[in-house]
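Observations on the model geometry
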Amino acid sequence: MHIHRYERWWMTFGITMLVAFLALLAFAAVENSIVPPSGMQQIDPKLVARTPPFDHPGLRRLSDGSYEAYYVAQVFAFDPPLLVIPQDAKVTFYVTSTDVVHGFFIPGTAVNMMAVPGWVNTQTHVFRRAGEYLLICHEYCGIGHQSMFGKIEVTKR
Amino acid sequence: MTSDLQVRAENRVVLAHVYTSTAAIALGAVFGVFQGFSRAGAVSAPPWFDYYRMLTMHGVLMALIFTTFFITGLSLFVTYRAIPRERNVTCGWLGWLVMLAGTAMAASEILAGNATVLYTFYAPLKASPWFYIGATILVLGTWIVAFEIFENIVYWRKRNPGVAVPLVVFCAAATFVMWIVATLGVVAEMALLIPWAFGWVPTVNVLLTRVFFWYFGHPLVYFWIMGAYVIWYNIIPTRYGGNTFSDGLTRLTFIMLILLSTPVGIHHEFMEPGISSAWKALFTITTYGVAIPSFITAFAIFASFELAAIKQGRRGFIGTVKSLPWSDPAFAGAAYGMLLFILGGFGGLVNASYGMDAVVHNTIWIVGHFHVTVGGPVALTFVGATYWLIPRLTGRALWKPKLALLQTRLWFIGMLIMSFSMHFAGLLGAPRRTSDVTYQGAAVAQSWHPYMTAAAIGGAILFLSILAFVAVALGTLLQNRKTEPMEATFATAAEPSATTPAMLQHLFRWGVIALAFAVIVYAGPIGEIIRHPGYGSSGLRTW
């Protein structure tokens, strides 16, 4: 089987591009910690309301000045509905669902997670810009899905 | 070789498959255009038939029914015509009946409001068990069609020892080899969901059902793409008097698609808990791998264009473009589809890109992406190929070919407008799968509105285009007299099969290797989920 010279060039170009893109992704993952959220902690979805710290969802300040935000997603609301975070603070989100699969997405940021019942998902973010952010459920979860959202207020330092 | 009577019998079964797909796209378009207007805030769904029920119907009709019935019809057609013999068409009819019965069962549950779970039916959303059973029956029906195609290959090999199976049949059969490897995933998922939906088992492992779904869900898109490639490699060259670029490379492309289409599904689950980042990285690499057969195809298609232009004495880029039959609706459909596929490929690399996916996951960017892929190259190629098929099935000349041509152009423009708007809105954070994206007037949501309006306009143009398609398809059947001969020819390869290595001929062997490869790649994430069973879900009906 003959493979034309131009075709060889084209394939070399294509595969080189793919390898270069993969190298960039690997660099971003290692150097800038740009990795997808992969929470591995499990939780009984029926007992979320009694399991600390999800029994009191909301913001916690740690001794090093960073924050943890615990969220419970259930049809058709987030708890807490409003979060106030200072600008430039490092905040780690923890989210779980008590019923069906929900989404956890803050438009304008890369905070983007699936909230799966039985699991705690987690992602860290620094809000560099003050103002009001929307937190939306971006996975269809039922008839009231479009009304499932919260607010995040990032206050000026 | 075969009697006229038999060709007519074969044509009838193909017509049944093809017109079922036409009915699906027509009905799916009605729901689709409504969704566009709903998201733009121009209409809202009545309480007795909510937005999400429409969305479920739209997804199922377009992604599963329209595409699958077209591919089964096309594959039966090329097999019947390229391997002429005495045969009965029982399998073709049985496959169609079983697929139709499954479709009717699943669709009636959706219409009744018992399965508003979208076409991904993610547990623990719990639909009526008859929805899952109907979907399973639909898949089993496609296996009957696959059996019919494979049986013809066995027949060919017996009668023509040492001679390669006709390229077009090889391509169609490869599509079904891949399909069988892939649909094992959805059958496994149904084995978990059906007993749970009946209440025979109390809970289901949500993560496991999602992994099984995407084991099937991504190769599903390659099933569509391979259907389009069958047409691009074997039928489209006959429209401009060209050849398939190379027999061997075409077979290599299809074998690569068999191997690489399945072990990629977890790139849909990058934002998921319970699957560690190492497996997500692995699936980034495998997903990139499946771009390679599409690179080969891009070269082969454009090389075939240029070789045909040179044969006509034209040279260079402009000369090649001018040499192509842009006023032929079958060619135009496929060619506009190819242009859209270039855009789809760029977006696809973003989606597959590990960390970068966080910017677009579950936003309407993704919807823009799969409309410019399945709604672009795939659907537009199928629509164009329908214009080629119907005269060959009925002997009737195409009704209003100019309307057919206009239809392909409208589609191209409508899809560009809709898909670009969706991509941009997605980058600004607009979610997919949501009936109303105003969020009580939030500022960021207001920034999406112009794009949602543009997407609705694009959708309306697409709707008109589909109306025109249905008019031509029905008009040909009802209006026009029989004038055309019913022969079908397929492209011959510029580099013939004599030089094709024997290892590129064995479909069954490559299918087994593909299944083994998929099992190995999935063993990691599935093993991880099974080792951490955690808490099952009893399921809810939240609609």
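Please read these numbers as outputs of a predicted model, since none were measured by experiment. (Residues numbered from 1 in each chain as written. Chains lettered and ligands numbered in written order. Predicted model: local features only at pLDDT ≥ 70, side-chain atom pairs only at ≥ 80, totals over all residues.)

A short note on the overall build of chain A
Summing up its helical and strand segments, chain A has 1 helix and 11 strands in all. In chain A, the succession of helices and strands from N to C terminus is α-β-β-β-β-β-β-β-β-β-β-β. Radius of gyration (C-alpha) of chain A: 20 Å, far over the 15 Å computed for a compact globule of 157 residues. Overall size of chain A, expressed as C-alpha extent along the three principal axes, is 70 × 40 × 30 Å. (Helix = DSSP H or I, 4+ residues; strand = E, 2+ residues; numbered from the N terminus. Rg over C-alpha atoms; globule rule 2.2 N^0.38 Å.)

Points about the nonpolar core
Residues and elements named next belong to chain B. In terms of nonpolar packing, the biggest core is built from 231 residues, with C171, A174, M178, M226, V230 and I258 touching the most fellow members. Among the elements that line this core, the one with the most residues is helix α6 (residues 206–234), at 22 residues. If we ignore the near neighbours within four places in the chain, the residues touching M226 are A174, T175, M178, F254 and L257. (Core = buried A, V, L, I, M, F, W, Y, C linked by C-beta atoms within 7 Å. Buried ≥ 20, exposed ≤ 12 C-beta atoms within 10 Å, placed from the backbone. Contact = placed C-beta atoms within 7 Å.)

Considerations on the domain arrangement of chain A
Structurally, chain A comprises domain 1 (1–35) and domain 2 (41–155). Between the C-alpha centres of domain 1 of chain A and domain 2 of chain A there is a distance of 36 Å. (Domains from an automatic or database assignment.)

Some thoughts on the packing of helix α8 (residues 247–260) of chain B against helix α17 (residues 507–531) of chain B
Residue and element names in this part refer to chain B. Closest axis-to-axis distance for the α8/α17 pair is 8 Å, and the angle between their directions is 35°. Residues I255, I258 and L259 of α8 lie in contact with α17, whose contacting residues are W510, G511, I513, A514 and F517. For the contact of α8 with α17, the residue count by class is 7 nonpolar, 1 polar and no charged. (Axes fitted to C-alpha atoms, helices over the stretch in contact; angles between N-to-C directions. Nonpolar A, V, L, I, M, F, W, Y, C, P; charged D, E, K, R; others polar.)

Some remarks on α8(B)
Taking 1.5 Å per residue, 14 residues should reach 20 Å; α8(B) reaches 20 Å between its end C-alpha atoms and fits that length. Counting buried positions along α8(B) yields 12 of 14 residues, so the element is predominantly enclosed. (Expected span 1.5 Å × (residues − 1).)

Comments concerning the pairing of strand β8 (residues 112–115) of chain A
Because side chains alternate across β8(A), one face comprises the buried residues N112(A) and M114(A), and the other comprises M113(A) and A115(A), equally buried. Remark: 6 residues form the turn of the hairpin made by strand β7 (residues 102–105) of chain A and β8(A), two consecutive strands paired antiparallel; G108(A) in that turn has positive phi of roughly 90°. (Pairing = 2+ DSSP bridges.)

Here we look at the confidence of the model for chain B
This prediction gives chain B a mean pLDDT of 95; 100% of its residues lie at or above 70. By mean pLDDT, the top-scoring element of chain B is helix α3 (residues 90–111) of chain B (98), and the lowest-scoring one is strand β2 (residues 493–495) of chain B (86). (pLDDT = per-residue confidence, 0-100.)

Considering the environment of L249(B)
Residues and elements named next belong to chain B. You can see L249 is positioned in helix α8. C-beta crowding within 10 Å serves as the criterion here: with 26 such atoms nearby, L249 is assigned to the buried category. Spatially, the C-alpha atom of L249 lies 22 Å from that of V181, the residues being 68 residues apart in sequence. With near-sequence residues (within four places) excluded, L249 lies in contact with I296 and A300.

Here's the deal with the packing of helix α2 (residues 51–82) of chain B against α3(B)
Residues and elements named next belong to chain B. Put simply, α2 and α3 touch, their axes get as near as 11 Å, and they point 180° apart. Between α2 and α3, the interaxial angle falls into the category roughly antiparallel. Contact residues: R53, T56, M57, V60, I65, F69, T72 and L76 in α2; G92, G95, M99, T103, A106 and I110 in α3. A class-by-class count of the residues in the contact of α2 with α3 yields 8 nonpolar, 5 polar and 1 charged. (Parallel < 35°, antiparallel > 145°, perpendicular 65-115°, else oblique.)

A word on the interface of chain A and chain B
Contact with chain A, which involves 52 residues of that partner, is made by 59 residues of chain B. At the level of elements, α1 (5–31), β7, β8, β9 (119–126) and β10 (131–136) of chain A are the ones that each hand at least two residues to the side of chain A that touches chain B. With 11 residues, α1(A) is the largest single contributor of residues to the side of chain A that touches chain B. Grouping the amino acids of the side of chain A that touches chain B by side-chain chemistry returns 34 nonpolar, 14 polar and 4 charged.

Looking at helix α10 (residues 292–311) of chain B
Over its 20 residues, α10(B) extends 29 Å from the first C-alpha to the last, a length consistent with the 28 Å expected when each residue adds 1.5 Å. Among the residues of α10(B), P293(B), S294(B), I296(B), T297(B), F299(B), A300(B), I301(B), A303(B), S304(B), F305(B), A308(B) and A309(B) are the ones counted as buried.

What about the pairing of strand β2 (residues 58–61) of chain A?
Relative to strand β3 (residues 67–74) of chain A, β2(A) runs antiparallel, the two sharing 4 bridges. Looking across to β3(A), one finds that R60(A) is bridged to E68(A).

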